[in-house]
Amino acid sequence: MKTFLKTILIDADYQPVRLLALLRKVQAQYRHIPAAAIDILAEALQIPRAQIIAVVEFYSFLHLTPQGRYDILISDSITDHMLDKENILGYLSSMLKVDVGEVRADGLVSLNNTSCTGMCDQGPAGLVNGLPLTRLDRPRIDEIAALIEQQRDISDWPAYLFAVEDNLHKAGLLLNAPIEKGAAIQAALDRGLEATLAELDRSGLRGRGGAGFKTAAKWRFCAEESAERHYVVCNADEGEPGTFKDRVLLNMHADQVFEGMTLAAAIIGAKQGFLYLRGEYLHLYDKLQAVLEQRRATGLLGDNILGRGLEFDIEICLGAGAYICGEESALIESLEGKPGIPRNRPPYPVTSGYLNQPTIVNNVETFLAAAKIAVLGGDWFAGFGTEKSAGSKILSICGDCARPGIYEYPFGIAIEQILHDCGATDVLGVQIGGPSGTFISNQEFKRQLAFEDLATGGSFIVFNNSRNVLDIAQNFTHFFAHESCGFCTPCRVGTSLLKKQLDKIIDGHGSAGDVAELESLCQLVKNYSHCGLGQTAANPILTTLQRYPDLYQNRLKNISYEPGFDLDGALEIARRMARRNDAGAHLSQVEE
Amino acid sequence: MTGTIDIDGQSIPFEDGQTIIEAATAAGVYIPHLCHRPGYTPHGSCKLCTVKVNGRNCSACTFPATDGQTVINNSDELEQDRRRITQMLFVEGNHMCPSCEKSGNCQLQGVAYHLNMLDNHYPHFYPRREMDASHPDILIDHNRCIFCNLCVRASKEKDGKNVFGIAGRGINKRLIVNSPSGQLKDSNMSIEDCAAHICPTGAILIKRTGYQVPIGQRIYDQKHISEVALAQENAHGQD
Ligand SMILES: Cc1cc2nc3c(=O)[nH]c(=O)nc-3n(C[C@H](O)[C@H](O)[C@H](O)COP(=O)(O)O)c2cc1C
Ligand code: SF4
Ligand code: FES
């Protein structure tokens with residue numbers, strides 16, 4: 001172990017900011033983070049052991065106890081559930097002879113759930129040792145189980161098990177024609193950087209990661225900060241369930257994304273950039289490294305870009321299973337090798353970001369758009385979309401529709417048009433913007449996709465009339481409780497209380513007042529949480545409660561007291577001890 | 001640069017760099033808080049100090065005072081919501097006040113009195129948490145930890161030691177000890193450390209000092225936490 005750690009430590013230049021990358025390597029090698037490795041890393045990096053343990057326990061893909069040699073995680077996204085995930089998971093569990101959440105006694109295999117893996121258009125999906133498994137069904141599981149029992153190396157498994165499709169169904173102004181490599185940098189330098197920032201401003205481009213902050217303003221704030229160094233960060237954490245467009249953008253147009261980052265670097269004066277790639281997209285890592293290598297070889301990255309004295313390079317940092325790391329300040333913490341806990345603001349990243357230096361964080365699609373704007377100008381982009389939402393939005397559509405995949409539309413498009421294009425019929429409602437967004441009912445399909453009406457980072461999940469609104473809200477509510485970083489009280493405790501309270505109602509143990517209580521808890525979590533996760537964690541309940549109050553009310557029991565639990569169920573042990581099962585040994589908890 | 005902010009109609013001066021809670025405390029205005037302590041890096045996690053600044057909820061312990069801010073600290077809504085947040089802290093851990101040595105000296109309890117909290121309101125989590133009685137002088141009862149991070153900061157910033165850390169995610173957060181065994185006895189913690197005395201609840205206790213002051217005669221048995229906090233923080237604020 002010493003030599004292995006020494007090798008990776010040398011690779012990491014003994015930098016504590018690379019702790020997460022180091023731990024990912026240790027996990028891959030030993031299937032957990034052994035105590036001995038923690039000691040060596042603490043010593044070598046000169047950091048407390050507790051800090052390392054804090055990182056290990058924070059990220060879902062790192063473990064203090066050994067996982068199986070084949071570690072299988074099944075995506076728990078609502079869309080996977082709609083594709084019969086529970087059944088698939090049960091079958092997998094029986095074929096592999098391992099319970100969910102367990103490691104098999106012989107240590108060969110472990111099985112668990114994981115949050116959405118970004119394969120909602122080709123689920124049920126999962127990961128084996130970090131690599132994506134798609135379109136899981138019984139024959140595939142039979143094959144996987146056989147490969148595991150034969151202890152075949154994953155590199156020898158048939159490629160089709162890992163096939164990830166782009167499923168691009170509709171290209172718009174960005175996807176219909178990528179720019180030539182180097183064209184954006186060339187155009188920006190020819191026009192002048194200040195003039196290019198003015199073009200970006202004129203384009204009206206707003207961030208595509210969800211919040212919609214004006215990109216030119218962010219870059220300008222950062223450029224105006226005087227500091228030793230500036231940094232450019234591309235947010236490819238893409239953890240919002242139902243979002244997978246950044247995966248496709250990076251697979252198809254990585255060059256243009258990197259070009260957008262280089263453009264930003266020139267404008268804000270950065271020499272170093274990072275692509276923060278969610279751990280679930282490990283399969284893209286080598287390909288993206290190759291693209292970077294090629295850009296270096298052709299003078300598009302390095303210390304004299306295009307021979308014009310511009311210096312910039314990009315490093316790819318992998319996440320390790322934490323939705324919160326998509327929040328920009330948590331992402332920066334993660335880049336620094338720490339648990340992804342959102343920072344206090346102010347200061348904002350543009351003044352104090354990575355290593356407390358001015359930093360811009362932008363979504364993959366934002367960089368993609370910026371690069372093309374640098375070439376074609378601001379008016380070109382502003383000519384599409386609505387007044388407040390310029391340009392196009394790239395959607396990842398999944399759920400109940402004939403053609404799930406990637407669609408690009410100018411902003412202002414009506415929801416009904418999108419539903420028509422993707423082949424959705426008999427629609428109950430659509431979740432727009434993922435769990436943190438809005439559930440709209442089939443009475444609202446004339447509404448528009450735009451920051452001023454329905455905003456989305458890209459997630460667009462369709463539900464048909466066979467689906468149950470409460471099941472959807474429940475899946476999302478559990479997601480947030482699982483992903484809360486736990487820093488602040490209202491979200492750490494509140495998301496778990498929301499889960500309990502919603503489960504209580506759905507399980508039929510709610511009574512008068514329980515829905516009102518649920519709603520007031522929602523408001524509390526929303527209004528007092530520290531960051532966007534907590535502030536939106538109640539949205540699945542709030543947006544469905546607003547539209548379908550009866551669905552909630554109808555689950556309540558008509559009794560005058562408020563049982564917090566199943567009274568009769570709680571007596572089960574006593575009945576077994578007393579060997580009784582007569583009517584007198586049961587407590588009724590039904591209508592009076 | 002200095003200026004004034006308005007808290008509930010009262011004009012309060014501040015100096016550049018002060019947070020809202022610092023300005024308020026100096027002016028004798030109490031804002032409920034648990035994870036804040038003068039002289040420590042602000043943490044901003046408990047959210048008890050939430051005030052409305054120009055209509056927006058902000059943590060008073062981290063938010064900088066700037067000239068002309070209108071701050072609401074006392075309102076029925078804030079009082080009710082702060083009470084709910086405190087109740088969340090109570091149900092999350094195992095807080096059995098009547099049998100706790102810290103009763104009467106506990107800031108969590110003091111804040112609960114202040115907010116007129118009469119019950120726990122939410123269902124209990126009853127988490128299974130360990131005790132660490134390994135250290136000769138100091139006891140950790142994890143049941144009472146509220147993750148305020150004060151011992152972590154005290155050990156790091158005041159004692160120069162890094163004895164504590166917070167690990168885990170979400171509701172599974174836990175206080176951990178920086179020692180090979182994970183036990184306090186194997187750390188370099190000592191009874192003189194700031195970290196040994198900073199816990200606002202009864203999670204970190206000094207052994208052999210229990211019940212020296214009878215329950216009923218303790219700090220918050222006698223005085224309101226607002227009074228105690230303002231007096232203490234203005235006296236030792238710069239330690
Ligand atoms: C819980 C949470 C998760 C987020 N996840 C992402 C994400 O996966 N990708 C992303 O681009 N932005 C995400 N964001 C938004 C970022 O904080 C940030 O606003 C965004 O990256 C800025 O880029 P943009 O201006 O280009 O949109 C998330 C925010 C929150 C609160
Ligand atoms: S709102 Fe949730 S995710 Fe955000 S800081 Fe608080 S606990 Fe962490
Ligand atoms: S005192 Fe401000 S958040 Fe805890």
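Residues numbered from 1 in each chain as written. Chains lettered and ligands numbered in written order. Predicted model: local features only at pLDDT ≥ 70, side-chain atom pairs only at ≥ 80, totals over all residues. Heavy atoms only, no water.

**Considering the overall build of chain A**
For the record, the criterion: Every helix listed is a DSSP run of H or I at least four residues long, and every strand listed is a run of E at least two residues long, numbered separately from the N terminus. To get the radius of gyration, use the C-alpha atoms; to get the globule rule, take the number of residues to the power 0.38 and multiply by 2.2 Å. Summary of the burial criterion: residues with accessible area below 20% of their type's maximum are buried, those above 50% are exposed, and those between are partly exposed, where the area comes from a 1.4 Å probe applied to protein chains only. Contact definition: two residues touch when any of their heavy atoms are within 4.5 Å. Note on areas: Shrake-Rupley with a 1.4 Å probe; residue coverage comes only from the protein chains shown. We treat Lys and Arg as the positive residues and Asp and Glu as the negative residues; His and chain ends play no part in the count. The location of each charge is read from NZ of Lys, CZ of Arg, CG of Asp or CD of Glu.
Looking only at helices and strands, one finds 24 helices and 16 strands in chain A. Relative to its length of 592 residues, chain A is compact, with a C-alpha radius of gyration of 25 Å against a globular reference of 25 Å. On the principal axes, the C-alpha backbone points of chain A span a range of 90 × 60 × 45 Å. Out of the 592 residues in chain A, the part that is buried amounts to 59%. Summarising the internal contacts of chain A: among those between residues at least 6 apart in sequence, 71% fall at separations of at least 24. Total accessible area on chain A is roughly 22,200 Å²; 50% of this is exposed by carbon and sulfur atoms. Taken together, the 55 basic and 73 acidic charged side chains of chain A have centroids lying 2 Å from each other.

**Brief notes about the packing of aromatic side chains**
What counts is decided by this rule: In this analysis, rings of Phe, Tyr and Trp, with Trp reduced to its six-membered ring, are considered paired at centre separations within 6.5 Å, and the interplanar angle assigns stacked below 30 degrees, edge-to-face beyond 60, and tilted for intermediate values. Note on criteria: charge over ring means Lys NZ or Arg CZ within 6 Å of the ring centre, with the direction from the centre no more than 35 degrees off the ring normal.
Applying the stated criterion across every chain yields a total of 17 aromatic pairs over all chains. Residues A:Tyr70 and A:Trp157 carry aromatic rings whose centres are separated by 5.8 Å and whose planes lie at 15 degrees to one another, so their mutual orientation is stacked. With A:Tyr70 in strand E1 (residues 70-75) and A:Trp157 in the loop between helix H7 (138-149) and strand E6 (168-170), the pair connects residues that are 87 residues apart, well separated along the chain. For the residue pair A:Tyr70 and A:Trp157, the accessibility class agrees, reading buried in each case. A ring pair is formed by A:Phe411 and A:Phe451, whose centres lie 5.2 Å apart and whose planes are at 40 degrees; its orientation type is tilted. Here A:Phe411, found in the loop between strand E13 (405-410) and helix H16 (415-421), pairs with A:Phe451, found in the loop between strand E15 (438-441) and strand E16 (459-464); they are 40 residues apart in sequence, far enough to count as distant. Of the two residues, A:Phe411 and A:Phe451, neither departs from the other in class, the shared state being buried. A network of ring pairs unites the aromatic residues A:Tyr70, A:Trp157 and A:Phe162 as a single cluster. Of note, A:Arg278 hangs over the ring of A:Tyr281, and the distance from its end group to the ring centre comes to 5.4 Å. The aromatic ring of B:Phe125 is capped on one face by A:Lys500, whose charged end is 3.9 Å from the ring centroid.

**Let's talk about the interface of chain B and chain A**
Short version of the rule: Buried area, as used here, totals the accessible surface that two parts lose on assembly, with accessibility defined by a 1.4 Å probe and the loss added over both. Any Lys or Arg side-chain nitrogen found within 4 Å of a carboxyl oxygen on Asp or Glu counts as a salt bridge. Throughout this description, a polar contact denotes any pair of N or O atoms lying within 3.5 Å of each other; where both atoms belong to protein, one of them has to be capable of donating a hydrogen while the other can accept it, and for residues adjacent in sequence the pair is counted only when both atoms sit in side chains.
Across the contact, 40 residues belong to chain B and 36 residues belong to chain A. Around 3,100 Å² of area is buried between chain B and chain A when both sides are counted, 58% of it from carbon and sulfur atoms. In this structure, the connection of chain B to chain A is made through three salt bridges. Where B:Glu92 meets A:Arg492, a salt bridge forms, and the shortest distance between an N and an O atom there is 2.6 Å. At the junction of chain B and chain A, the tally comes to 22 residue pairs in polar contact (both at pLDDT 80 or more). For the side of chain B that touches chain A, the elements supplying multiple residues, two or more each, are helix H2 (76-92), strand E8 (164-167) and strand E9 (174-177) of chain B. Considering each element in turn, the side of chain B that touches chain A owes the most residues, eight residues, to H2(B).

**Side note on the packing of helix H3 (residues 35-45) of chain A against helix H4 (residues 49-58) of chain A**
Residues and elements named next belong to chain A. Put simply, the rule reads: Working convention: axes come from line fits to C-alpha atoms, limited for helices to the stretch in contact. Angles between N-to-C directions cover 0 to 180 degrees. We call two directions roughly parallel when the angle between them is under 35 degrees, roughly antiparallel when it is over 145, roughly perpendicular when it lies between 65 and 115, and oblique otherwise. In this scheme, a crossing is called left-handed if the near helix is turned counterclockwise away from the far one by less than a right angle; it is called right-handed if the turn is clockwise. All residues other than Ala, Val, Leu, Ile, Met, Phe, Trp, Tyr, Cys, Pro, Asp, Glu, Lys and Arg, Gly among them, are scored as polar; the first ten of these are nonpolar and the last four charged.
Two numbers describe how H3 lies on H4: the axes approach to 9 Å, and their chain directions differ by 125 degrees. Between H3 and H4, the interaxial angle falls into the category oblique. Taken as a pair, H3 and H4 cross one another with a handedness that is right-handed. Between H3 and H4, the contacting residues are Ala35, Ile38, Asp39, Leu41 and Ala42 on the first element and Arg49, Ile52 and Ile53 on the second. The class makeup of the residues in the contact of H3 with H4 is six nonpolar, no polar and two charged.

**A word on the domain arrangement of chain B**
Residue and element names in this part refer to chain B. Put simply, the rule reads: What counts as a domain boundary in this text is fixed by an automatic or database domain assignment.
For chain B, the assigned domains read domain 1 (2-75) and domain 2 (83-222). Using C-alpha coordinates to define each centre, domain 1 is positioned 25 Å away from domain 2. The interface of domain 1 with domain 2 comprises 15 residues on the first partner and 19 residues on the second. Between domain 1 and domain 2, a total of about 1,400 Å² is buried, with carbon and sulfur atoms accounting for 61% of that surface. When the buried area of domain 1 at its contact with domain 2 is split by residue, Leu34, Arg37 and Tyr40 rank highest and sum to 46% of it. Summed over the shared surface of domain 1 and domain 2, the result is zero salt bridges. For the interface between domain 1 and domain 2, the tally reads five residue pairs in polar contact (both at pLDDT 80 or more). Taken together, the residues of the side of domain 1 that touches domain 2 break down into eight nonpolar, five polar and two charged.

**Focus: the environment of A:Tyr231**
Position of A:Tyr231 relative to the elements: it lies in strand E7 (residues 231-236). With sequence-adjacent residues up to four places away left out, A:Tyr231 is seen in contact with A:Ile268, A:Ala270, A:Gln272, A:Phe274, A:Tyr354, A:Leu355, A:Gln357, A:Pro358, A:Thr359 and A:Ile360.

**Focus on the sheet that holds E7(A)**
Residue and element names in this part refer to chain A. Filter applied, for reference: DSSP-based pairing: two strands are paired if at least 2 bridges between them are found.
Sheet architecture is open: five strands sit in the order E9-E10-E8-E7-E11, paired in mixed fashion. The open sheet has two free edges, formed respectively by strand E9 (302-305) and strand E11 (359-363), since each of these has just one partner strand. Neighbour-to-neighbour, the strand axes of this sheet turn through a mean angle of 25 degrees, independent of strand direction. As paired elements, strand E8 (residues 272-277) and strand E10 (residues 310-318) share six bridges and run parallel to each other. Residue pairing in the sheet places Phe274 in a bridge with Glu315 of E10.

**A closer look at the sheet that holds strand E5 (residues 131-133) of chain A**
All names here are of chain A. With mixed pairing, the five strands of this open sheet are ordered in space as E2-E3-E1-E4-E5. Looking along the sheet, the strands with just one partner apiece sit at the ends: strand E2 (102-103) and E5. Pairing geometry for strand E4 (residues 126-128) and E5, over three bridges, is antiparallel. By the bridge assignment for E5, Val128 is matched with Leu131. On the sheet, H7 packs against E1, strand E3 (109-114) and E5 and is oriented at approximately 160 degrees with respect to E1.

**Quick word on the state of the cysteines**
Formally, a disulfide is one covalent bond, and it connects the sulfur atom of one cysteine to the sulfur atom of another. Our working rule: What counts as a disulfide here is a pair of cysteine sulfur atoms lying within 2.5 Å.
One pass over the full model with this rule turns up zero disulfides over all chains. Not engaged in a disulfide, the cysteine A:Cys222 finds its nearest cysteine sulfur in A:Cys234; these two sulfurs lie 15 Å apart. Considering cysteine sulfurs only, B:Cys106 is the nearest to B:Cys100, which forms no disulfide, with 6.4 Å between them. Using a relative accessible area of 8% as the deciding quantity, one classes B:Cys100 as buried.

**A word on helix H4 (residues 150-158) of chain B**
Those residues of H4(B) that sit buried are B:Leu150, B:Cys151, B:Val152, B:Arg153, B:Ala154 and B:Ser155. In this structure, the buried side of H4(B) is in contact with E8, E9 and strand E10 (204-206) of chain B.

**Re the domain arrangement of chain A**
Residue and element names in this part refer to chain A. Parsing chain A into structural domains produces domain 1 (2-58), domain 2 (70-157), domain 3 (180-382), domain 4 (392-464) and domain 5 (469-591). A straight line from the C-alpha centre of domain 2 to that of domain 3 covers 34 Å. Listed as interface residues are 13 residues of domain 2 and, on the opposing side, 11 residues of domain 3. Between domain 2 and domain 3, the buried area comes to about 880 Å², and carbon and sulfur atoms account for 61% of it. Of the residues belonging to the side of domain 2 that touches domain 3, the class tally is six nonpolar, six polar and one charged.

**Considering the site of ligand 2**
Applied cut-off: The rule for a residue being near a molecule or strand is that one of its heavy atoms must lie within 4 Å of it.
As a matter of local geometry, ligand 2 sits amid 13 residues, with A:Cys485, A:Phe487, A:Cys488, A:Cys491 and A:Cys531 nearest to it. Taken together, the residues that form the shell around ligand 2 break down as eight nonpolar, five polar and no charged.

**Describing helix H9 (residues 193-203) of chain A**
All names here are of chain A. The test is simple: Picture the helix axis, draw a direction to every C-beta atom, and the arc is the one those directions span.
Among the residues of H9, Thr196, Leu197, Glu199, Leu200 and Ser203 are the ones counted as buried. Seen from one end, H9 has its buried residues packed into an arc of 150 degrees, which puts them on one side. Packing partners of the buried residues in H9 comprise helix H8 (183-191), helix H10 (215-224), helix H11 (245-268), helix H14 (364-376) and helix H15 (378-382).

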